[in-house]
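Fold and geometry: a report
Listed here are the chains, written in short residue letters.
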Amino acid sequence: MCNPRIGLFLIVSSVLLCAFSFATTIEYDSNAIIINGERRIIISGAIHYPRSTSEMWPDLIKKAKDGGLDAIETYIFWDLHEPVRRQYNFSKNLDFIKFLKNVHEEGLYVVLRIGPYVCAEWNYGGFPMWLHNLPGIQLRTDNAVFKKEMKIFTAKIVTLCKEAGLFAPQGGPIILAQIENEYGDVITNYGEDGNTYIKWCAQMALAQNVGVPWIMCKQNNAPSPIINTCNGYYCDDFKPNNPKSPKMFTENWVGWFQKWGERKPHRTAEDVAFSVARFFQKGGVLQNYYMYHGGTNFGRTAGGPYIITAYDYDAPLDEYGNLNQPKWGHLKNLHAAIKLGEKVLTNGTVIEKQYGDSIYLTTYANNATGQKICFLSNSHNSKDVEVDLQQDGKYYVPAWSVSILQDCNKEVFNTAKVDAQTNVYVKKLSTKLGNSLIWTWASDPIEDTLQAIGTFSASQLLEQKSVTVDASDYLWYMTKVLINETSIWNNATLQVNTAGHVLHAYVNGQYIGPQWGTHDNLSFTYERLVSLKQGTNIISLLSGTVGHAHYGASFDMKQTGIVGGPVKLIATNSGNTLDISKSSWSYKVGLNGEAKRFYDSKIKNGVQWNINNVAVGKPLTWYKTTFKTPEGKDAVVLDFTGLTKGQAWVNGQSIGRYWPTMVADKNGCDNKCDYRGNYGADKCLSGCGEPSQRFYHVPRSFLNNDTNTNTLILFEEMGGSPFNVSTISEIQFASYGEPQGKCGSFQVGEWESRDSVAVVEKVCTGKQLCSINVTSSTFGITKGGTNGQLAVQLLCDGSDPDDNRVQFVHV
């Protein structure tokens, strides 16, 4: 149960921005966003309020501000706020008004992306599933049913913001609002209805009279005065469709998301900084990081399908809210350098000059004041250069980098020269928490489903999400088959064609086994040997989903479950085939344990938890234990090694799906990550041969502070063991001298101080933050003039009340 914190840190002063208290006018032209007459460039970062918790918000927002941001961007998640039609929820962690007020109090602006389609790797793209079953509906097109619902929800959000005084003309922080999202990627699939729809979106948004500009990202035909914007890894060459519009980069993808079975993506700090600097070099006005803090897909909110529970995104603030160094610090330094030239960038004239292959000098100058700022870029992916600017000096510009020159004669920043500290968090098994915990267990009561007793029947195989309306990941398909000739069917194959994502089968109450698809091939054919008896045979199929599609044209129509099948029984010896797809099928949504709320120990659900002979390797099994709240303020992290696939709850609150046995490909990772050249999600991968996700975030707000006792409940779908749930606590490596190797595999160099570990332990053990003066005298080196480097790898244990952090720092 650990949460990384930075162990060695640099204190940097920052300018305090005062919260808005008066009406603010928002205007713009092609060179600036004009706030109360002041010409500005805006640096923003995405933080999604439901991917964190309300007690985390102030810290996340403050760190964003300390990192040099002007604004916070967030989506609004329709499915969370209106889970049942006309029944709204804006409480606790869904109180987005409180979140926006927190942003306001910190003196930052807000970019509000209402959508209401959000994509965001979120389940069903953020749409509530009840939309799917409305008669006559088609999503995201010129459809009266959908447009009515979209307008009602958009107006609801706008009204709440107005009532709270959150739009800039009311003195609030919202300076921009977004309608729709990346529709330009799919508009051609909807024909002329797509164009009609996007015009309607614009008109509907403008009719809300919010007093701030509206934007549409990736929408080249956005109707004026809607501002179209760019999303991607690089947007320096993007041009708005209206020459009067500012150039906006609404999603600079600082990393990428991850699916079960995929390797871990990484985008270097150097490349992100290069992208940002090039954007402002070429006239950018607003730049937003997606994500600045990715957070966690709690509950069943992860989309995809197959998106993992962590939404870390390799963001400047990691999943737990800690600084992801050097990315956070490197970008902070970049922001400070860009802000040095804000006035001239938004008011000056621009001149571009080429110095050979891929080398450009862009000069922004204000002739009236004499102010200048220059961007000197080298976009070659391998060739470093030295550029002679004559009277302004010579400058070494590495490949794939941008230098920012204050007054065009002093380099204040280069995107490839990282001065920020580096830290990498590593979690390794140390203490087996399971050894000290008492586990109890209960089988999910499935007697009714094994008897084919459901809640309704149909003479066909139905599409899963249409039946479940996403009330559960699970749907039972059950039928009875009459067999007259035992000799033919006592050795047969059950064959099920399914649209995924996971399938379990029972025949006559006997568990046959599971099968599942992959992130790139969701559909599969389930095949298992079965033995049928004479008379009535009962076949019970449990279909499981792992998040619903969130992106693409008509993504809402992508099918799940055993829709249409076919489902067949094939006699092994004779080859006789019995297609039972058109049989009478009985259906039941979800698990009985879900319906009885086994996951919530606060209610009386009648479950009898078994104390003795804890079942291991048994599918559809619930486990329960209790643990004390670790001292301190850091988040808790659970290591689910030993489990297979399922869901977890702490004190009745879901921390998401887990699937540690879904291991990434063993090939394709490279320890040498070259920041140079265009980035893609298949570049700089790590985690080959490892679980896509092993560690799971438990926010402090999920824990009990009064009784200090918490309940952890697991639902094991495929059969695993809870006894290896573990945490860690030790300083793994500390050497002052000439340490060799890299993060995770340090070795002592040719010389070192014998006091290395003792010094670090004395200063850092048991502390949330520690700072060490890295000098020879600190480490007992008396030889004159001998200077070394310090490498520290730290790990900590949530079970130790004095040290519940994970730290791994290399400086």
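Everything quoted here is computed from the prediction, not taken from an experiment. By convention here, each chain's residues receive numbers from 1 onward along its written sequence. The predicted origin of the model limits local features to residues at a pLDDT of at least 70 and limits the giving and counting of side-chain atom pairs to 80 or more, whereas totals for whole chains, interfaces and linings rest on all residues. Side-chain metrics rest on all non-hydrogen atoms present in the structure, leaving aside hydrogens and water.

**Focus on the layout of surface pockets**
Counted as a void, the second largest pocket has a volume near 1,500 Å³. Elements with a minimum of two residues in the lining of the second largest pocket: helix H2 (78-81), helix H13 (592-595), strand E35 (646-650) and strand E36 (653-658). Considering only residue class, the lining of the second largest pocket consists of 20 nonpolar, 16 polar and seven charged. Grid points spaced at 1 Å over the protein atoms alone were grouped into cavities, where a 1.4 Å probe fits but cannot get out, and pockets, open sets with protein on both sides within 12 Å along at least five of seven lines, with lining residues defined by an atom within 4 Å of a point. Grid points are joined across faces, edges and corners, and a volume is the space filled by probe spheres set on the points. Strands here are runs of E lasting at least two residues and helices are runs of H or I lasting at least four, both read from the DSSP assignment and numbered beginning at the N terminus. Under the convention adopted here, Pro, Cys and the residues Ala, Val, Leu, Ile, Met, Phe, Trp and Tyr are nonpolar, Asp, Glu, Lys and Arg are charged, and Gly plus all remaining residues are polar.

**Here's the deal with the side chain of Arg51**
Locating Arg51 in the fold gives a position in the loop between strand E5 (42-47) and helix H1 (57-66). A 1.4 Å probe rolled over the protein chains alone gives each residue an accessible area, and that area as a share of the maximum for its type sets the label: buried under 20%, exposed over 50%, partly exposed in between. Asp and Glu are treated as the negative residues and Lys and Arg as the positive ones, with His and the ends of the chain left uncounted. Salt bridges are counted wherever a side-chain nitrogen of Lys or Arg sits within 4 Å of a carboxyl oxygen of Asp or Glu. Summary of buried charges: Arg51 has no salt-bridge partner, and the nearest side chain of opposite charge, Glu121, is 5.5 Å away. For the purposes of these results, a polar contact is taken to be a pair of N or O atoms within 3.5 Å, where, inside protein, one atom must be able to donate a hydrogen and its partner to accept one; residues adjacent in sequence count only when each atom of the pair is a side-chain atom. Within the local environment of Arg51, its side chain forms a polar contact with the side chain of His48, the two groups lying 3.0 Å apart. Contact criterion: two residues are considered in contact whenever any of their non-hydrogen atoms come within 4.5 Å of each other. Once you skip the residues sitting within four places of it in the chain, Arg51 turns out to touch Ala120, Glu121, Trp122, Tyr290, His293, Gly294, Gly295, Thr296, Asn297, Phe298 and Tyr311.

**Side note on the sheet that holds strand E26 (residues 502-507)**
DSSP calls a pair of strands paired once it identifies at least 2 bridges connecting them. Across the sheet, six strands lie side by side as E23-E32-E24-E29-E26-E27; this open sheet has antiparallel pairing. Every other strand in the sheet has two partners, leaving strand E23 (456-458) and strand E27 (510-516) as the edge strands with one partner each. The average undirected angle you get between the axes of adjacent strands in this sheet is 25°. Pairing geometry for E23 and strand E32 (residues 585-589), over three bridges, is antiparallel. Bridged to Ser457 within E32 is Ser586. Lines fitted to the C-alpha atoms define the axes, with helices restricted to the stretch that makes contact. Angles between their N-to-C directions range from 0 to 180 degrees.

**Considerations on the packing of aromatic side chains**
The aromatic pairing rule takes the rings of Phe, Tyr and Trp, using the six-membered ring of Trp, and pairs them if the centres are within 6.5 Å, calling planes under 30 degrees apart stacked, those over 60 edge-to-face and the rest tilted. Scanning the model with the defined rule gives 51 aromatic pairs in all. Between Tyr88 and Phe90, the aromatic rings sit 6.2 Å apart at their centres with planes inclined by 15°, giving stacked as the arrangement. With centroids separated by 5.3 Å and ring planes inclined at 55°, the aromatic side chains of Tyr311 and Tyr313 adopt a geometry described as tilted. Like Tyr311, the residue Tyr313 is buried in the burial classification.

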